[in-house]
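Coordinate inspection notes
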Amino acid sequence: MLTLSSIDAYYGQSQALHGVSFDVAEGEILALLGRNGAGKTTTLRAIMGLNRVARGVVRFDGRVISGLPTHKIARAGVTLVPETRDAFSLLSVEENIRLGYRTGSPYTVERLLEMFPIIREFRLKKGGELSGGQQQLMVMARGLAMGPKLLLLDEPSQGLAPIMVNAVAEVLSALRRDRLTVILVEQNLRMALDVADRVVILEDGVAVDALSRAAALADPARVEKHLAVH
Amino acid sequence: MAEPVTVLEAIELTKRFGKNTVVDGVSLKFPEGRLHAILGPNGAGKTTLFNLLTKDYPVDGGEILLRGERVTRLRPHQISRRGVGRSYQITSVLRELTFFENVWLASYRADHAGAPGLWRDFRAHWATAEKTRQVLAELGLEPFTDRKAADVSYGDQRLLEIAVTLATRPEILLLDEPTSGLSQRESERVKQLILSIKGKFTIIMIEHKMNVVMDISDDVTVMNRGKVIASGSPAQISTDAAVRSAYFGL
Amino acid sequence: VAPGFAWAQAAAGDLNIALLSQNSGNFATHGEVVFKGATIALEERGHTILGRKINLLRRDDEGKPAIGVRRLTELVETSQVKFFIGNASSAVGLAESEIAAREKIVQYAGGGSDEFTGARCNPYTFQWSASPYTASSTTLEYVRKAHPNAKRVYTLTVDYAFGHSLLKYTREAAPELGFELAGNDMHPLGERQYTQYFNKALAVKPDVILLLTAGSDFLAAVRQLSSYGLKKVIVAAPWAAELDELKELTPQMRAGLILGLNYHSSINTPVNKAFVAAAAKRYQMLPTYAMAYAYDTFRTIFLAMEKAKSVDSTAVARVMEGMQLDSVHGPTSIDARTHQTNRPYYVCLCKQPDAQKNDQDIADLVFQGDKPQPAALNQCSRT
Amino acid sequence: MNKNLLALAAVVLLAVVAPMVIPISIANEIIVIAIFAMATNLVIGVAGLYSFGQAMFFGAGAYLTGYSLTAGGLSLVPSILIAIAGAAALAGIVGAVIIRRSGFYFMMLTFAFNQMAFYVVLVWSGVTGGEDGMAGIKRAPVGGLDLNDRSVFYAFCAVLFVASYVILRQIKKSPLGLVLEAAKENPRRMASLGYSVHGAQLAAFMISGAFAGLAGSLYVLLYRFVPIDSISWIMSGNVVFMVVIGGMSSMVGPIMGAAVFVWLQGLFSLLWAQWALLFGLFIIFVVFTLRGGLIELFKRVARIRRAGEAHHG
Amino acid sequence: MNLVAAQIVNGLAIGMLYAVMALGLSIIKGLLNVPNFAHGALFAVGAYVCYTLSTIGAPFAVALIGAFSGAALLGFLIERFGIANLTGGSYLLQVLFLFGTALVIEQILVLIYGTTGVSLVPPAMLGGAMDLGFMFLPRYLVFCALVGAFSIVAVWLLIEKTRIGSSIRAGIERREMVQCLGIDIGTLLTLGFALGAGMAGLAGGIALPLLGANATSGNDMMAIAFVVLVLGGLGSLYGAVAAGILIGVAQSLTTLVAPSASTLLIYVIMTVVLLIGPKGLFGER
Ligand SMILES: Nc1ncnc2c1ncn2[C@@H]1O[C@H](COP(=O)(O)OP(=O)(O)OP(=O)(O)O)[C@@H](O)[C@H]1O
Ligand SMILES: Nc1ncnc2c1ncn2[C@@H]1O[C@H](COP(=O)(O)OP(=O)(O)OP(=O)(O)O)[C@@H](O)[C@H]1O
Ligand SMILES: [Mg+2]
Ligand SMILES: [Mg+2]
């Protein structure tokens, strides 16, 4: 469904990704792992068109999307939930979610409020008045409201209390049941391995390893080698 | 053993946003030299409590005592000058400045009580520059010395955030989720760092990572919906029924 | 010297004279027309005086004193200018008069302020425009003559020096002519909104509304007054705008307006007739104030040079003091002490829309008067 | 260190060469206005306070000098000192009232105060000369120097200009300068480090006011006249635009901005009555080609040269 | 007393004009975070378009629509080819660009229409004054107030009640994120700028019979509109409208007591309000 072939991406003059290649099959959840600064976020941004892809090609649904403006990529069915929790602080929670909603999306506002009970409570509050964790859930809901074919989740459990991490994990399982295609960036290795079908590991902007969940669970050292101390 | 002195105390602190009471009559004592962790679900009011203690937000009710002195009406920089340093949950390093400049500003404040100098090039304040390099080295950030903060990954910015806070050489250190956004390796490094300074400072830390909290803190307070629901040692807290239901959802 | 500034450098022996006027900004109209008037004066004598070639240097003062002073200083430094004429703005002219006095440069001013010949008179600055005293009294004399029954006068005055002096002179002249001053409002310079003043004025039911304001303020006031569609109230302005500026109003808006003017093309004197003919030939237009000002002042300066047989500014200024000449106004003299040009002031009546023959045919000359400023009111300390 | 000396040498060279290539009065105006522009850069470029009321301080310096010299009967140096002190004090008062407001509100407040100051000057015509400005100013000799001589007066201003450059540049690089740069980005963080952000900003505002006052004072001496334009908001707007055109990243930028602004306007106005059109187009051209302002020209040249050297060496 | 009532009515009408002008500024400031220094020039463009259409015989209503459209079109071009290419640069760079653009627009108007300004007599239906007993109220002022009110309501409905509106408000805050939701923010910003510019043009058209027009006549209005904008509070559309009317009435009333102070007054009001409440009367930011 999504194929990255030898992607290079830059921030200004400095190169962040060096020839990253991998693909994601339909209905698959792919975990993207790596240390801080490995280029996980950049990879997601490059797919989304927020970072210019200097070399290489991104194909989605058989179509080349690298080079398209972000809103066109979004309309093609790719959605990013960023690690920075970009809530629209002046819009109410409900307006935030509605703004994401596109007709035909299976995730209607009503359904999302059910999936995220905590959000229901804050429906009429301004986005900016929520705590960090609440915002994280709201932004996930907003992303789902678009009815994406591919969801890019950047560290959804970051900074969440255990109870919220559980809530996020539940949402992930629900997405898995829905057979939604997801790329998940996670520091929480346990959570990533709970839901992911496959794992790709980045190091210093290079994809250094790719393996199935079974392989990862069978050989944890192979994964941790890249995540822990050099 | 004598009861340690209380350095910072919140009495019935209250903060409202519109109709919502976000911090609701919180009273807490922070004894000198201890590491005090604050836990609580998202939205419990932990960050807001910090914002009250450092006067980033005006207080709607209650008092703050710093070494017995009433500081409720002071402004943020005055609180800081009385030895309270903090890091932010939402990274607030100066993105357009280099790592060196970020940390330099904090070190300079620690070295220099009066108004900032007007004449000598800031880099030519040699002693401050030296201390700046030390702090960067301690956190393993030397390679970034002349990098702009905006140009590094979020995780590295988090480390810088902590470096800046430490460089002010505070007596009381407020850390808001110091390890969030850090990988296991960096989390571990920060944890070691905190352990190494523990005892020298009074540390108050908001943290979600239970392993970090349980391993290193002396006291734990749990908040929920703006109120303190439990206080005690890590062991006591992990078995507290109220905490288990509000925080762990068990 | 950079090329731009060497643009009109004189060859040795040439006489450089300057024209500082407004080419940009609100009254940029003047700049072009003033230049035309000056050109006619130069062409009349083949661009030479006493065997020297005359170079006319033209600069834009943007209507701002600071710029006027800056441009004049440059001209003095780079082109040794010793004679110049200025702009309609008194503030600019007065600022320049300082340099005139210091650097001994003859300035023939055309602004409205009575300070040129009053408190700030100096040996090198001359004034072509009539005194505001003459303007106020002449205008009111005409209103009295044309409307014998008019009694109550409401004044709207711009709140700065020029407005104040018009008001002062109006208060002197009005009672003598049997007018009652029913009220006055001061408005700030640059006011754009006048309906609130007219609400107030109309509440006292005046016979005459006298606008002691000028330029774009005056135009805005007339425009908004016309939106009331008043038929019975007489609107007069002793010193508000020249005919060029009135083109900004529609004929309906200005119809019936009584306007004091420093010049009108139908003045019946030999010099003026020749000038009007020259303007028609050269530019196919009827001269207005700005053109006449430039023509008449330069013509007078040239006459004085010839009389002095010199282009030395001090010698020429000496000759101009008390000089008698035949100008566009007819026989004219220049006061030896104050440097005021003693000449008549003109009153015009704006035409009804259907009476206009073309777009330059705006107002008829209906009256003229030349009551000079009483000596007691003059503050010039020169002897 | 070297770079500093190089910039200083360039500034001195500029001051020496300018009167040889353009009329001395223009050169003189450029260095005077350049002081004003550098002062303004301290608040808008370094501290990020978008002040659109700088003419208030320039005008205060101008009127104070004018008044001290005429009605006050003081000699030249005290008049200049009074202008500097008065403008700084005015900046202190205005700043103390408005420094807590940020962004656009700050900008509009400075503009409003500028307008109020303008109307005070306009209405108080007995002292200020109102619309007609203040005249009759003489340049009394200073310590045997005859300032009525154009070149002597130019040299006098040039010395003050270079001194202003050195002082303002040092301030920009000093701890205060860094604190201001940092506070521009995140005032809250600076407060939590223990800096009084408002205090630092107020200091910058006052220093800037003092130098603007000096510039106003010299301007008055240059033309021996105080035009009311000197305190008008248009002057405030122009100086901000000079700084932006020149470039805010260093103190050389504002000097270039002032030079271009003063010189180019004069040149264009000789060419065509619609010179403002040319000037507008020039501004748009600079905005699109040199985002960092004219100073970027130098940086680009330096970069190309460095690249060239690297290539050869 | 009657005079007070007369001045209030007068002030309401003028205030509506200020409000239209300020609302345009407010939209642009909110969306692109730039104070539109070309607003005065766009006002003049509107006035001249209205004048030109009227002189070739178009009905006044058409001329007003033309004034809106002409300025909106120009605004569209300014955003698309100017501001849009300057994002990421400093805020002052955009301000400088707008300043340069304003100069160019003004001078082009001078080239086309000359330096002498123009006036327009309103259609007969709107000419003359109504005798209200206690005052003469020029009909044209009433018309001003009505057209002003109508356009304000139309714009308000667009921004608050439509999806475009909430996209705009979200886009103000986080450009990237709005794009991730499939919204073409570039086009939205351009349209927003055009809308604001159109409001300036419309104000110029409405004001033409009262104020006439010349190339720089919009600048006074622009200064007032900026004051109104901050007085009302940034980010508040109600604020701009309420403050516009407030300023209109206050100016009108001061004529009764201290007319020379009326220009100064608006700055005093603004300063006092901002010093008491840092965000103006209704500001959100
Ligand atoms: N805005 C930026 N400007 C310049 N360089 C950047 C920027 N953001 C990130 N980088 C660089 O790009 C590289 C990859 O960063 P990225 O944010 O993708 O890492 P990450 O794997 O998401 O890390 P983290 O776990 O800390 O979020 C880093 O080395 C960083 O230095
Ligand atoms: N500026 C604000 N305006 C209005 N409400 C606010 C504001 N800041 C915080 N709140 C509200 O206060 C509550 C507590 O927020 P706070 O950030 O203190 O939570 P927290 O305990 O730090 O949560 P987290 O662990 O997610 O960071 C939240 O419900 C939030 O909606
Ligand atoms: Mg990341
Ligand atoms: Mg928090």
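In the nomenclature of an unreviewed UniProt entry, chain D corresponds to Branched-chain amino acid ABC transporter permease from the organism Vineibacter terrae. Listed under Subcellular location (unreviewed entry) in UniProt, the entry text for chain D is "Cell membrane".

Going by the annotation in an unreviewed UniProt entry, the name recorded for chain B is ABC transporter ATP-binding protein, with Vineibacter terrae given as the source organism.

**Focus on the interface of chain D and chain E**
Contact with chain D, which involves 35 residues of that partner, is made by 45 residues of chain E. Buried surface at the junction of chain D and chain E, summed over both partners, amounts to about 3500 Å²; 83% is from carbon and sulfur atoms. The largest per-residue losses of area from chain D upon contact with chain E belong to Phe104(D), Tyr105(D) and Arg291(D), which jointly make up 21% of the total buried on that side. The interface formed by chain D and chain E contains zero salt bridges. Summed over the shared surface of chain D and chain E, the number is four residue pairs in polar contact (both at pLDDT 80 or more). Sorting the residues of the side of chain D that touches chain E by element identifies helix H4 (76–98), helix H5 (103–123), helix H11 (233–246) and helix H13 (275–289) of chain D as the ones contributing at least two each. No other element matches the eleven residues that H5(D) contributes to the side of chain D that touches chain E. Its residues assigned to classes, the side of chain D that touches chain E comprises 29 nonpolar, four polar and two charged.

**Focus on the domain arrangement of chain B**
Residue and element names in this part refer to chain B. For chain B, the assigned domains are domain 1 (1–83 + 171–250) and domain 2 (90–169). The C-alpha-based centres of domain 1 and domain 2 are spaced at 25 Å. With 16 residues of domain 1 at the interface, the matching set in domain 2 holds 15 residues. Counting the surface lost from both domain 1 and domain 2, the interface buries some 1200 Å², and carbon and sulfur atoms represent 60% of this.

**A short note on the site of ligand 2**
Taken together, 21 residues sit near ligand 2, with Glu129(A), Asn42(B), Thr47(B), Thr48(B) and Gln89(B) positioned nearest. Neighbouring residues of ligand 2 are not confined to a single chain but are spread across chains A and B. A distance of 3.5 Å separates an oxygen atom of ligand 2 from a polar atom in the backbone of Leu130(A). Interatomic distance of 3.2 Å between a backbone N/O atom of Ala44(B) and an oxygen atom of ligand 2.

**Side note on the site of ligand 1**
Every one of the 20 residues lining ligand 1 counts as a neighbour, but Gly37(A), Lys40(A), Thr41(A), Thr42(A) and Asp151(B) are closest to it. The residues that come close to ligand 1 belong to more than one chain, namely chains A and B. In the model, an oxygen atom of ligand 1 is placed 2.9 Å from a nitrogen or oxygen of the Lys40(A) side chain. At a separation of 2.5 Å, an oxygen atom of ligand 1 approaches a polar side-chain atom of Thr41(A). Considered on its own, ligand 1 offers 630 Å² of accessible surface; in the complex 86% of this is hidden by protein. Those elements that provide at least two residues to the shell around ligand 1 are helix H1 (40–48) of chain A together with helix H5 (154–167) of chain B. Tallied by class, residues from the shell around ligand 1 come to six nonpolar, eight polar and six charged.

**A short note on the sheet that holds strand S5 (residues 69–70) of chain B**
Residues and elements named next belong to chain B. Within the open sheet, the four strands sit side by side as S2-S1-S4-S5. Their pairing is antiparallel. Of all strands in the sheet, those bounded by a partner on one side alone are strand S2 (20–31) and S5. As defined by bridge partners, strand S1 (residues 6–17) adjoins S2 across nine bridges and the pair is classed as antiparallel. Looking at S2, one finds that Leu8 is bridged to Phe30. Taken strand by strand, helix H1 (residues 46–53) contacts S1, S2 and strand S4 (61–66), and its axis lies near 115° from that of S1.

**Focus on the sheet that holds strand S6 (residues 84–86) of chain B**
Residues and elements named next belong to chain B. Read from one edge of the open sheet, six strands run S6-S7-S8-S3-S9-S10, paired in mixed fashion. In this open sheet, the two edge strands, each paired with only one partner strand, are S6 and strand S10 (227–232). Each strand of the sheet is rotated relative to its neighbour by a mean of 20°, with strand direction disregarded. In terms of strand pairing, strand S7 (residues 172–176) meets strand S8 (residues 202–206) through five bridges, oriented parallel.

**Topic: the interface of chain E and chain A**
If you look at the interface, chain E gives 17 residues, while chain A gives 24 residues. Of the roughly 1900 Å² buried at the junction of chain E and chain A (both faces included), carbon and sulfur atoms supply 56%. Of all residues in chain E, the largest losses of buried area upon contact with chain A belong to Met177(E), Cys180(E) and Leu181(E), amounting jointly to 31% of the total for that side. Applying the counting rule to chain E against chain A returns one salt bridge. For Glu176(E), the salt bridge identified is with Arg45(A), shortest N-O distance 3.0 Å. Viewed at the interface, chain A and chain E are joined by five residue pairs in polar contact (both at pLDDT 80 or more). If you list the elements that add at least two residues to the side of chain E that touches chain A, you get helix H6 (163–173) and helix H7 (175–180) of chain E.

**What about the state of the cysteines?**
All names here are of chain C. Scanning the entire structure with this criterion turns up one disulfide over all chains. A disulfide bridge connects Cys121 with Cys380, and the sulfur atoms are separated by 2.0 Å. On the S-S bond that ties Cys121 to Cys380, the torsion sits near 80°, and the link is right-handed. Of this pair, Cys121 sits in the loop between strand S5 (106–109) and strand S6 (125–127) while Cys380 sits in the segment after strand S16 (363–369); the two residues are 259 residues apart in sequence, bridging distant segments of the chain. Judged by relative accessible area, Cys121 falls into the buried class, the value being 12%. What makes Cys380 buried here is its relative accessible area of 8%. Take Cys348: it sits in no disulfide, and the sulfur closest to it among the cysteines is that of Cys350, at 7.4 Å. A residue is classified by how much of its surface remains accessible, and Cys348, at 0% relative accessible area, is buried. Residue classification places Cys350 among the buried residues on the basis of a relative accessible area of 3%.

About the cut-offs
Residues numbered from 1 in each chain as written. Chains lettered and ligands numbered in written order. Predicted model: local features only at pLDDT ≥ 70, side-chain atom pairs only at ≥ 80, totals over all residues. Heavy atoms only, no water. UniProt positions renumbered as here; feature names shortened; annotations may be inferred. Contact = heavy atoms within 4.5 Å. Buried area = accessible area lost by both parts, 1.4 Å probe. Salt bridge = Lys/Arg side-chain N within 4 Å of Asp/Glu carboxyl O. Polar contact = N/O pair within 3.5 Å; in protein donor to acceptor, adjacent residues only side chain to side chain. Helix = DSSP H or I, 4+ residues; strand = E, 2+ residues; numbered from the N terminus. Nonpolar A, V, L, I, M, F, W, Y, C, P; charged D, E, K, R; others polar. Domains from an automatic or database assignment. Near = heavy atom within 4 Å. Areas by Shrake-Rupley, 256 points an atom, 1.4 Å probe, with all protein chains shown as cover. Pairing = 2+ DSSP bridges. Axes fitted to C-alpha atoms, helices over the stretch in contact; angles between N-to-C directions. Disulfide = S-S within 2.5 Å. Buried < 20%, exposed > 50% of the residue type's maximum accessible area, 1.4 Å probe, protein only.

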